[in-house]
Amino acid sequence: MAAAVEPSNIQLSYLDVDRTAQRVMAPAGLKYWMWVAFCAFLAALGGAFWTRQIYEGLGVTGYGQPTLWAVYITNFVFWVGIAHSGTLISAVLLLFRTRWRTAVYRCAETMTIFAVVTAGLFPIVHLGRPWFFYWLCPYPNERFLQPDFRSPLTWDFFAISTYLTTSALFLSVGLIPDIANMRDISIGWRKKFYTVLSCGWQGTDRQWRNFSMAYLLLAGFATPLVLSVHSVVSWDFATMQTPGMHSTIFAPYFVAGAIFSGCALVLTLIIPMRKLLQLEDLVTIWHLDNLAKVVLFTSIVITYSYATEFFVVWYTQDPIEMMTFHERLFGLQGYMFGIMILCNCLIPLFLFSPRIRSSTVWLFVISIFVNIGMWSERFVLISGSLSTNTMPSQWKFYVPALTEVLITIGSFGWFLMNFSVFAKFLPIVSMTELKDGIEWLRKSGGERYPYRKAS
Amino acid sequence: MSGDIQLIGSFVTDDACAEAIEALHHAKIVAFHTFSPFPSEKIAEAVNEVRGWGRSPVRKFVMAGGFTGALTGLVVTVGTSWEWNINTGGRPIASITPYIVIIFELMILFGVLGAVSSFFFKSGLPAFDQSPGYRTRFGADRFGLVVQAAEGDAAKIEALMRDAGAEEVVREAA
């Protein structure tokens, strides 16, 4: 990677990093608040339809035998998957001392938090009586009732809540030095706000010593955690006897898919963000190029997983499994499988071209396709497998109702609203780490890297 | 920290700051602390050499947290099974294999809580008073070295810091 980096004439200083972060967090204009209001409207729309669903019951959804897990569980898996890239970029790449992570990891971590929060809503939305969701927790009660610790749904509760806590703490600890810096250069209510959040951080040798060790160990914990969480999510399906789901390949397959979709969403968010917030000097084409390489690599892993899944079914010659996979390809919803292959396996191959990897427009378009493809994959796996179960007389293809569609759109509004508000009030790029790796930033900046002018 | 005055040296690079720390060490002056805008390895190495610091004690708290979490997971899962011991299809009352997931997650959770709480505790956070000698630029683009010294040693220390490349040395009452 280092060999590809060409020097440029841009000589960023530490103060330039601060100034850029400060500019991003400057009081917002009308356009920003209109965007936040639009996202809030979508979230409110989803909330309104969820309220209606709670009042009317799950009959307002497209649920029906045999498909009782559908869009909501698809959304749950999709958002959990999105969350994983944040941990990958911030924790796993930190352990490998990868330099290009510095400009994008805060954005990815933030995405992780809001994606997990969004994902955590969907199992509750999916419940007929959502006010009893706390029954999953092992809490003291007079009947000595406890959840079944052998159930993958209970594992899910522990995995997701641990993941949310770990990711939130990882993000918060990393933010402290940057918030302290903002405290020192802000005025008015913002200064008071950052003073409280910075906890009195001053960057002494003792503080950095403990910070570095705590941050490293948090990364060390987050790395196996990220592998375990999506494995646990995959076991929600793999431990069932349902054809199309009962497979040992699910854990690694889901983890690769999570990294794939998550990195694609980082591109989707960061490309417009660097343009709108004028972050081109900090988030360079070098960073996007490396992110695109991760997307390309995980796309190939995903393609291999699809092929292996089909091969195993053909090799076992189990008639029910064979029929399920036949329906997956040629059934009524075979077009969803087509979308999945097109978006996840074929379109990412364009990323082999260095020119495409250095074009923000192309990267943005490809990342959108990957997101569509990965949502389709989860839909095919969940709804598609349940539609064609072991009783052909029960077969019925699921079609989402308006409630499910609007709650899904609402979840995107909720996610984008939270992300946008965070980006305006807290540092969305890590000033500390960018300063630490400023030599790399200088080398990668400007228009000379890597192949042509940034579009 | 003891001394009549404090000298606040400001450095443009962490190399210069580390060099000044080494110079102070050779002059047997160890009553100092540093400020930096990012965790500089060069400064950390120089400070560790002077103070004889090993690795941060945070790791011990993390290990304790991890063990506590794993033990909690084991007690909660196995204890619940024994308390509510229904035989289902001849399966073992306490099935360790599925419980490993819970034990693992709690180990991570408690370990992480140990890391964060010990980081705050050992770093003296939250801090309500400013450390002596702190300047806002030390969080932005300069490296600070604050030395506590007797008035009579001030000139010698200032010379050491300037020789190492200090951009500015300011004297203040301690």
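This structure is a prediction, so every number in the text was calculated from the model and none was measured.

Conventions and cut-offs
Residues numbered from 1 in each chain as written. Chains lettered and ligands numbered in written order. Predicted model: local features only at pLDDT ≥ 70, side-chain atom pairs only at ≥ 80, totals over all residues. Helix = DSSP H or I, 4+ residues; strand = E, 2+ residues; numbered from the N terminus. Rg over C-alpha atoms; globule rule 2.2 N^0.38 Å. Buried ≥ 20, exposed ≤ 12 C-beta atoms within 10 Å, placed from the backbone. Contact = placed C-beta atoms within 7 Å. Pairing = 2+ DSSP bridges. Axes fitted to C-alpha atoms, helices over the stretch in contact; angles between N-to-C directions. Nonpolar A, V, L, I, M, F, W, Y, C, P; charged D, E, K, R; others polar. Arc of directions from axis to C-beta. Core = buried A, V, L, I, M, F, W, Y, C linked by C-beta atoms within 7 Å. Expected span 1.5 Å × (residues − 1). pLDDT = per-residue confidence, 0-100. Parallel < 35°, antiparallel > 145°, perpendicular 65-115°, else oblique. Left-handed = near helix turned anticlockwise from the far one by under 90°.

Describe the overall build of chain A, listing the residues and the values that go with them.
Tallying secondary structure elements over chain A gives 16 helices and 0 strands in all. Here the C-alpha atoms of chain A give a radius of gyration of 23 Å, agreeing with the 23 Å that 2.2 N^0.38 yields for 455 residues. Its C-alpha atoms give chain A principal-axis dimensions of roughly 70 × 55 × 40 Å. Counting the 455 residues in chain A, one finds 50% classified as buried.

So what's going on with the overall build of chain B? Residues and values would help.
The helix and strand tally for chain B stands at 5 helices and 4 strands. Helices and strands appear in chain B in the N-to-C order β-α-β-α-α-α-β-α-β. Taken against the 2.2 N^0.38 rule, which gives 16 Å for 174 residues, the C-alpha radius of gyration of chain B at 25 Å runs more than 25% over that of a compact globule. Considered along the principal axes of its C-alpha atoms, chain B spans approximately 85 × 30 × 30 Å. Within chain B, the proportion of its 174 residues that are buried is 41%. Taking as baseline every contact in chain B between residues at least 6 positions apart, the subset at least 24 positions apart corresponds to 83%.

Summarise the pairing of strand 2 (residues 32-35) of chain B; cite the residues concerned and give the values.
All names here are of chain B. Of the two faces of strand 2, both are covered, the one formed by Phe32 and Thr34 as well as the one formed by His33 and Phe35. Here 4 bridges tie strand 2 to strand 3 (residues 143-149), and the two strands are oriented antiparallel to one another. The residue of strand 3 that forms the bridge with Phe35 is Gly144.

An account of the environment of Ala91 of chain A is needed here, citing residue identities and associated values.
Relative to the helices and strands, Ala91 of chain A is located in helix 3 (residues 71-95). Filtering out sequence-adjacent residues up to four positions away, Ala91 of chain A remains in contact with Ala219, Ala222 and Thr223 of chain A.

Summarise the sheet that holds strand 2 of chain B; cite the residues concerned and give the values.
All names here are of chain B. Ordered in space as 2-3-1-4, the 4 strands form an open sheet in which the pairing is antiparallel. The open sheet has two edge strands with one neighbour each: strand 2 and strand 4 (168-173). Direction aside, neighbouring strands of the sheet carry axes that sit 20 degrees apart on average. Where strand 1 (residues 5-11) meets strand 4, 6 bridges bridge the pair, whose relative direction is antiparallel. Counted as the bridge partner of Gln6 is Glu172 from strand 4. Of the strands in this sheet, strand 1, strand 3 and strand 4 touch helix 5 (residues 154-164), which is tilted by about 10 degrees from strand 1.

Go over the environment of Lys156 of chain B, please, and point to the residues and values.
Within the fold, Lys156 of chain B resides in helix 5. Taking the C-alpha atoms as reference points, Lys156 of chain B and Ala27 of chain B, separated by 129 residues in sequence, lie 9.4 Å from one another.

Any chance you could break down the interface of chain A and chain B for me, citing the residues and the numbers?
At the junction of the two partners, chain A supplies 46 residues and chain B supplies 49 residues. Of all elements in the fold, only helix 1 (14-24), helix 5 (152-185), helix 7 (205-238) and helix 15 (431-436) of chain A reach the threshold of two or more residues within the side of chain A that touches chain B. Considering each element in turn, the side of chain A that touches chain B owes the most residues, 16 residues, to helix 7 of chain A. Broken down by class, the residue content of the side of chain A that touches chain B amounts to 23 nonpolar, 15 polar and 8 charged.

An account of helix 2 (residues 41-51) of chain B is requested, with residue identities and associated values reported.
All names here are of chain B. Looking at helix 2, one finds that the buried residues are Ile43, Ala46 and Val47. The buried residues of helix 2 occupy an angular sector of 95 degrees when projected down its axis, which confines them to one face. Two residues or fewer past helix 2, Gly52 is found with a positive phi of approximately 65 degrees.

Talk me through the nonpolar core; I want residue IDs and the actual numbers.
Most often, soluble globular proteins have nonpolar side chains that are buried together. Counting residues in hydrophobic clusters, the biggest one holds 143 residues, and the most contacted among them are Val104, Met111, Ala214, Leu218 and Val266 of chain A together with Ala115 of chain B. With 16 residues, the single largest contributor to this core is helix 7 of chain A. Beyond its immediate stretch of four places on either side in the chain, Val266 of chain A contacts Ser85, Val104, Cys107, Ala108, Met111 and Leu291 of chain A. With 23 residues, the next largest nonpolar core counts Ile8, Phe11, Ala149 and Ile157 of chain B among its residues.

Lay out helix 7 of chain A with the relevant residues and their values.
Taking 1.5 Å as the rise per residue, helix 7 of chain A with 34 residues should run 50 Å; its terminal C-alpha atoms sit 49 Å apart, in good agreement. Counting buried residues along helix 7 of chain A, 25 of its 34 residues qualify, which places the element largely inside the surrounding structure.

Go over the confidence of the model for chain B with me, naming the residues and quoting the values.
Residues and elements named next belong to chain B. Looking at chain B as a whole, its pLDDT mean stands at 90, while 98% of the residues score no less than 70. Mean pLDDT across the elements of chain B ranges from a minimum in strand 4, with 88, to a maximum in helix 4 (residues 96-122), with 95. Among the prediction metrics, the complex's ipTM stands at 0.92, with pTM recorded as 0.89.

Explain the confidence of the model for chain A residue by residue, including any values.
All names here are of chain A. In the predicted model, chain A carries a mean pLDDT of 88, and 95% of its residues have values of at least 70. Note that residues 1-9 has pLDDT below 50 and, in this model, 15 contacts with residues that lie over four places away or in other chains. With pLDDT under 50 throughout, residues 447-455 is counted as low confidence; its partners more than four residues away or in other chains account for 29 contacts.

Tell me about the packing of helix 7 of chain A against helix 8 (residues 250-276) of chain A, and please be specific about residues and values.
All names here are of chain A. Between helix 7 and helix 8, whose axes approach to 8 Å, the crossing angle comes to 125 degrees. Considering their axes alone, helix 7 and helix 8 lie oblique with respect to each other. Between helix 7 and helix 8 lies a crossing of right-handed hand. On helix 8, the residues touching Leu227, His230, Ser231, Val233, Ser234, Phe237 and Ala238 of helix 7 are Phe250, Ala251, Phe254, Val255 and Ala258.

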